[in-house]
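# Chain and residue survey
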Amino acid sequence: MAENTLILGLQWGDEGKGKIVDNLSESTDIVCRFQGGHNAGHTIKVNGDKTVLHLIPSGILHQNTKCLIGNGVVLALDALQKEIENLKEKKISFSNRFFVSSACTLILPSHISLDKVKDKKESIGTTGRGIGPAYEDKIGRRAIRFCDLGQPEILKKKVQTLVGYHNKLLENLYDHDTHDSDAVFNELMEFKDLYEEYCVDSQEIMFEWINNDFSILFEGAQGTLLDIDHGTYPYVTSSSTTAGGVSTGLGVGPKFINKIIGISKAYTTRVGEGPFPTELFDESGALLAKKGNEFGATTGRPRRCGWLDLVLLKKAIFINSVTDLCITKLDVLDEMEEINVCINYENGSPIYKSFEGWLTKTEGITDFSKLPEKAKIYIQFIEQFVKCNASIISTGPSRNQTIIR
Ligand code: GDP
Ligand code: IMO
Ligand code: MG
């Protein structure tokens, strides 16, 4: 059997999943997204050229790699269209290599309105992309799915019912403008081309790919601590960001996942509201934000920064059955005189172990033995604490700034 690998975030997202998925896609037949939507922002840098992907799997830059958006993803067709157009401008081709599950839940403009008005009251700090309300409708069995574009008459009725429901919420609960369901329907039909070109029965093609021994990479979005069940509820996203999400979001049983790479930054960041015990409010935090260029790839919001939390990391490794750890953004710590990691909690406050900074440039190093001794000590401590080997270490945003051990 070919090796199938899951890559997912172990923190609150933005761990560098896009960069690592792109790096490993070179030698992979297929890359699939299985949850989330265009709330994700996955950055890839190749020869100085930056690409940010929100919906399209991060294997798309490799012409021989196929990409699939699985049924677990909530799909905004306008966002997808824009992303395809941007990539086509970069001479990326899509024919016979890009597929979208017919069972994807569609995000409507009224989901976006609901997300924004709800967040004004609930203060989760969502990305405002309609993700939560779309998943609510999916679970409520009233969602519009991608396959519905194939039956316009039925679609029209479904849109009337769903938008009617959204309008009641918008008007009565939030005193907000309503949406015209005919306009929503017409807008959906404008994306008929996407349906005709890319809509597939993803269960069927997954079955075929797995049985034909293609190697598959499953690309997680968000991170473990944003998981709807295992994250810092209610400050989470509305999908299963953890390993279990692959099976439901693509229709692939767990035994077909051979390797699970969990990604953690060498420190921690979080966008939006919610608990963050190791958050820094001092100069060290400001240095991480500046050196790490910590601004959200989707909303541009500044990311909150703090030390690495090994207690949470160990838990995240367990929840996902992580087999290999990947540590990213090691180079961001290059100028830190002192580096702390949380190794315990006492009365709810983090207890830190302190490391001397290496104060040497690690950016771009591709060979573990070339890292400064103090950086090796830092990594080895993390590995021993969480009982998992760091088989990938990232030392810069570019594809080749990577140590693979
Ligand atoms: P994702 O959502 O997990 O794919 O991560 P994002 O793309 O949102 O955020 C990661 C950011 O860090 C992006 O700007 C990447 O280009 C950048 N990045 C990834 N790995 C490294 C690294 O090892 N060093 C540095 N300095 N930047 C990195
Ligand atoms: P990637 O894939 C970081 C956060 C939002 C908010 C919470 C809920 O790039 O790592 P949502 O719009 O999903 O309902 O917002 O989740 N969030 C992310 N934070 N990276 C992401 O994706 C995120 N996607 C959502 O900031 O706190
Ligand atoms: Mg991101």
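Starting afresh in each chain, residues are numbered from 1 along the sequence in its written order. Lettering of chains starts at A and numbering of ligands starts at 1, both following the order in which they are written. Where local features are concerned, this predicted model is filtered to residues with pLDDT of at least 70; where side-chain atom pairs are given and counted, the filter is 80 or more; whole-chain, interface and lining totals use all residues. To obtain the side-chain values, all non-hydrogen atoms of the structure were used and water was disregarded.

## Here's the deal with the site of ligand 1
What counts here: Note on terminology: near, applied to a residue and a molecule or strand, indicates that one of the residue's heavy atoms is within 4 Å of it. We define a polar contact as two N or O atoms separated by no more than 3.5 Å, with the added condition that, inside protein, one atom must be a possible hydrogen donor and the other a possible acceptor, whereas residues neighbouring each other in sequence contribute only through side-chain atom pairs. Each accessible area is a Shrake-Rupley result for a 1.4 Å probe, and residues are judged covered by the shown protein chains and nothing else. Numbering of helices and strands starts at the N terminus; helices are DSSP runs of H or I of at least 4 residues and strands are runs of E of at least 2. Each residue gets one label: Ala, Val, Leu, Ile, Met, Phe, Trp, Tyr, Cys and Pro are nonpolar, Asp, Glu, Lys and Arg are charged, and the others, such as Gly, are polar.
Lining the immediate environment of ligand 1, one finds 18 residues, of which Lys-17, Gly-41, Thr-43, Asp-331 and Ser-394 sit closest. At 3.1 Å, a backbone N or O of Glu-15 approaches an oxygen atom of ligand 1. Lys-17 places a main-chain nitrogen or oxygen 2.7 Å from an oxygen atom of ligand 1. Taking 580 Å² as the accessible area of ligand 1 by itself, protein coverage stands at 92%. Sorting the residues of the shell around ligand 1 by element identifies helix H1 (17-25) and strand S3 (42-46) as the ones contributing at least two each. Sort the elements by how many residues they give to the shell around ligand 1 and H1 lands first, with three residues. Here the residues of the shell around ligand 1 sort into three nonpolar, eight polar and seven charged.

## Details of the coordination of the magnesium ion (ligand 3)
What counts is decided by this rule: Sodium, potassium and calcium take a 3.2 Å donor cutoff, other metals 2.8 Å, and in both cases only N, O and S atoms count; water is not among them, so sites may look incomplete. Buried, partly exposed and exposed residues are distinguished by accessible area as a fraction of the type maximum, computed with a 1.4 Å probe on protein chains only: under 20%, between the cut-offs, and over 50%, respectively.
Around the magnesium ion (ligand 3), the protein supplies Asp-14 (OD) and Gly-41 (O) as donor atoms, at distances of 2.1 to 2.2 Å. Remark: Gly-41 occurs in the loop between strand S2 (30-33) and S3 and Asp-14 occurs in the loop between strand S1 (5-9) and H1; sequence separation between them is 27 residues. Take Asp-14 and Gly-41: they sit in the same class, and that class is buried.

## A few points about the environment of Ile-7
This is how the line gets drawn: Residue contacts are defined here by distance: any two heavy atoms, one from each residue, within 4.5 Å place the two residues in contact.
Its location among the elements puts Ile-7 in strand S1. Overall, the relative accessible area of 0% leaves Ile-7 in the buried class. Expressed as a C-alpha distance, the spacing of Ile-7 and Leu-325, which sit 318 residues apart in the sequence, is 9.8 Å. Apart from residues lying up to four places away in sequence, Ile-7 is in contact with Ile-20, Val-21, Leu-24, Leu-217, Phe-218, Glu-219, Gly-220, Ile-261 and Ile-263.

## What to know about helix H5 (residues 152-174)
Note the threshold: Multiplying one less than the number of residues by 1.5 Å gives the expected span of a helix.
The terminal C-alpha atoms of H5, which comprises 23 residues, lie 31 Å apart, in line with the 33 Å expected from a rise of 1.5 Å per residue. Taken as a whole, H5 has its buried residues at Leu-155, Val-159, Leu-162, Val-163, His-166, Asn-167, Leu-170 and Tyr-174. In this fold, the buried residues of H5 make contact with helix H3 (109-122), helix H4 (131-139) and helix H6 (181-189). Two residues or fewer past H5, Asp-175 is found with a positive phi of approximately 50 degrees.

## So, helix H2 (residues 77-89)
Count 3.6 residues to each turn of an α-helix, and residues three or four apart come out pointing the same way. Test applied: Starting at the helix axis, one direction is taken to each C-beta atom, and the arc is that of these directions.
Over its 13 residues, H2 runs 18 Å from end to end, which matches the ideal 18 Å to within 8%, given 1.5 Å per residue. Within H2, the full set of buried residues consists of Leu-77, Ala-79, Leu-80, Glu-83, Ile-84 and Leu-87. Relative to the axis of H2, the buried residues are bounded by an arc of 160 degrees and lie together on one face. Exposed side chains of H2 directed beyond 90 degrees from the buried face belong to Lys-82 and Glu-89. At the exit of H2 stands Lys-91, carrying a positive phi of roughly 65 degrees.

## Quick notes on the packing of aromatic side chains
Filter applied, for reference: Each Phe, Tyr or Trp ring (for Trp, its six-membered ring) is paired with any other whose centre lies within 6.5 Å, and the angle between the two planes then decides the class: stacked below 30 degrees, edge-to-face above 60, tilted in between. We call a charge positioned over a ring when the NZ of a Lys or the CZ of an Arg lies within 6 Å of the ring centre and within 35 degrees of the ring normal.
Overall, the coordinates contain ten aromatic pairs when judged by the stated rule. Look at Phe-94 and Tyr-198: their rings are 6.4 Å apart centre to centre, the planes differ by 65 degrees, and that puts the pair in the edge-to-face class. You can see Phe-94 sitting in the loop between H2 and strand S7 (98-101) and its partner Tyr-198 sitting in helix H7 (residues 192-198), a full 104 residues away along the chain. Assigned by exposure class, Phe-94 and Tyr-198 land together as buried. Judged by centre distance (5.8 Å) and plane angle (65 degrees), the rings of Phe-99 and Trp-209 are edge-to-face. A residue pair is termed long-range when its members are at least 10 positions apart, and Phe-99 in strand S7 and Trp-209 in helix H8 (residues 202-211) qualify at 110 residues. In terms of burial, Phe-99 and Trp-209 fall into one category: buried. Here Lys-314 stacks its cationic end above the ring of Phe-385, 5.3 Å away from the centre of that ring. Note that Lys-353 overlies the ring of Phe-355, its terminal NZ or CZ placed 5.3 Å from the centroid.

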